[in-house]
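Chains, contacts and geometry: an overview
Here is how the chains run, residue by residue.
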Amino acid sequence: MTAQVTFRQADDRDLDLLVGMYDGAARWMLRSGIDQWKPGGKSAEHFRARIGAGEVWLAAHDGRAVGAYELWWEDEQAWGPQPPVAGYVHRLMTERETAPAGTGRALLAHAEGRVAAGGRAVSRLDCVSSNPRLRTYYEAAGYRAVGEEPGKLAADGTRYGVVLMERAITSP
């Protein structure tokens, strides 16, 4: 089932919403035994910088925000220097309590459409190595593992491993 959601680009008026959505996803991960995001891990300044540097998108259902993602046009920290052939999906998140089934896939499809509209042929993301459930989710969505970065640097200075994943896409 594909979620019936609408999309709009986030702006500075959405900073508190984005922080709250991130923290909600982080709390769900902790309750689910997933060691990945932490509440308070992304501030309004993080989202302000991402809005200024690229694209942040919100998904809505029945007038309420139910998901979001960041789209970057380069990601040297995880992927190293690359030719401009890909868009990089980050912080794909849904409101677990209110998002209709299929919202995550709808977010991915929207991101892939934005990548294609930007003239790029590949959608990329990195998936934390310690979360096999998330890797399986992305594989079911057509992504394949193409490498690993064992020491990606976190904002707090710690390092963690990620699986590099990508999916070829076609232009609209």
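Provided above is the structure to which this section pertains.
A brief structural summary. (Residues numbered from 1 in each chain as written. Predicted model: local features only at pLDDT ≥ 70, side-chain atom pairs only at ≥ 80, totals over all residues. Heavy atoms only, no water.)

**Looking at the nonpolar core**
Core analysis: the largest hydrophobic core is formed by 22 residues, its most contacted members being Tyr69 and Tyr138. At the level of secondary structure, the elements contributing two or more residues to this core comprise β2 (55-61), β3 (64-72), β4 (86-94), α4 (103-117), β5 (122-128) and β7 (159-168). In terms of residues, this core owes the most to one element, α4, which gives six residues. Excluding its chain neighbours within four sequence positions, the residues that come into contact with tyrosine 69 are Glu55, Val56, Trp57, Val89, His90, Arg91, Leu92, Leu107, His110, Ala111 and Arg114. With 19 residues, the next largest nonpolar core counts Ala25, Ala26, Ile34 and Phe47 among its residues. (Core = buried A, V, L, I, M, F, W, Y, C linked by side-chain atoms within 4.5 Å. Buried < 20%, exposed > 50% of the residue type's maximum accessible area, 1.4 Å probe, protein only. Helix = DSSP H or I, 4+ residues; strand = E, 2+ residues; numbered from the N terminus. Contact = heavy atoms within 4.5 Å.)

**Considerations on the sheet that holds strand β6 (residues 144-153)**
The sheet built from seven strands is open, its strands ordered β1-β2-β3-β4-β5-β7-β6 with mixed pairing. The open sheet has two edge strands, β1 (6-9) and β6, and neither has a second partner. Between one strand axis and the next, the sheet turns by 30° as a mean value, whatever way the strands run. With four bridges connecting them, β1 and β2 associate as antiparallel partners. From the neighbouring strand, glutamine 9 faces β2, where its bridge partner is tryptophan 57. Strand contacts of helix α2 (residues 44-53): β2, β3 and β4, with the helix running at about 60° to β3, the strand carrying the most contacts. (Pairing = 2+ DSSP bridges. Axes fitted to C-alpha atoms, helices over the stretch in contact; angles between N-to-C directions.)

**Thoughts on the environment of serine 129**
Along the chain, the position of serine 129 falls in the loop between β5 and α5 (132-140). The exposure class assigned to serine 129 is partly exposed, which follows from its relative accessible area of 37%. Sequence-wise, serine 129 and glutamate 148 are 19 residues apart; in three dimensions their C-alpha atoms are separated by 8.3 Å. Aside from chain neighbours lying at most four places away, what touches serine 129 is Glu148, Gly161, Val162 and Val163.

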